[in-house]
Amino acid sequence: MIPIGEFNDTVRLAGAGNPAASSDPWAIDWLPLRMSGEDEPESEDEGGLAVEDAEAKPELKRPPLFKVVLLNDDYTPMEFVVEVLELFFKMNREQATQIMLTVHTQGRGVCGIYTRDIAETKSAQVNQYARDHQHPLLCEIEASED
Ligand code: TYC
């Protein structure tokens, strides 16, 4: 069965040339889908149009995220913590001071949320930087629910 409007490799142009729709007997109402001489495409990769399947599931999932958490201690100078937050978390002085005070008063505070590799790298950089400067400041990561 050939559906109305289609016939083999041709497609019907709505209305044009259809005696029922037009009085012009020369009006073209059928066009080839491929020009002569063009090879028939064998697959989507070889010249055919790729048609997006609206029903297809997205292939990408969001990666899990991790919080970088700064821990309080009694010895690291406040100014050093502010410097760390500016250096490794691109905070301005006000933001850095706010987070430092949160850590100081609450025991811990979130510096940022990243994919696993970035969170691990930032945490390791902070711990190394603190050690290099003989401060006991510690940073860790934890899985984020977001
Ligand atoms: N509690 C430290 C002090 O009183 C300051 C401090 C803040 C240390 C935040 C660590 O992550 C920290 N000097």
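Here is what the cut-offs are and how they apply
- Residues numbered from 1 in each chain as written.
- Predicted model: local features only at pLDDT ≥ 70, side-chain atom pairs only at ≥ 80, totals over all residues.
- Heavy atoms only, no water.
- Helix = DSSP H or I, 4+ residues; strand = E, 2+ residues; numbered from the N terminus.
- Contact = heavy atoms within 4.5 Å.
- Areas by Shrake-Rupley, 256 points an atom, 1.4 Å probe, with all protein chains shown as cover.
- Axes fitted to C-alpha atoms, helices over the stretch in contact; angles between N-to-C directions.
- Parallel < 35°, antiparallel > 145°, perpendicular 65-115°, else oblique.
- Left-handed = near helix turned anticlockwise from the far one by under 90°.
- Expected span 1.5 Å × (residues − 1).
- Buried < 20%, exposed > 50% of the residue type's maximum accessible area, 1.4 Å probe, protein only.
- Arc of directions from axis to C-beta.

1. Topic: the overall build of the chain
If you tally the helices and strands in the chain, you get 3 helices and 6 strands. Moving toward the C terminus, one meets the helices and strands of the chain in the order β-β-β-β-α-α-β-α-β. Residue pairs in contact within the chain that sit at least 24 positions apart in sequence constitute 58% of those at least 6 positions apart. As presented, the chain carries roughly 11,300 Å² of accessible surface, and 54% of it is formed by carbon and sulfur atoms.

2. A look at the packing of helix α1 (residues 78-89) against helix α2 (residues 93-106)
α2 packs onto α1 with a crossing angle of 125 degrees between their chain directions and a minimal axis gap of 9 Å. When the axes of α1 and α2 are compared, the pair comes out oblique. At the point where α1 passes α2, the crossing takes the right-handed sense. Packed against α1, whose contacting residues are M78, E79, V81, V82, L85 and E86, the element α2 presents R93, A96, T97, I99, M100 and H104 at the interface.

3. A short note on helix α3 (residues 116-132)
Compared with the 24 Å implied by 1.5 Å per residue over 17 residues, the 24 Å span of α3 between its first and last C-alpha is a close match. Within α3 the residues assigned to the buried category are A119, K122, S123, V126, N127, Y129 and A130. Angularly, the buried residues of α3 cover 165 degrees about the axis, an arc narrow enough to put them on a single face. Within α3, the exposed residues directed more than 90 degrees away from the buried face are D117 and R131. The secondary structure elements touched by the buried residues of α3 are β4 (65-71), α1, β5 (108-115) and β6 (138-143). One or two residues past the end of α3 sits Q134, with phi positive at roughly 55 degrees.

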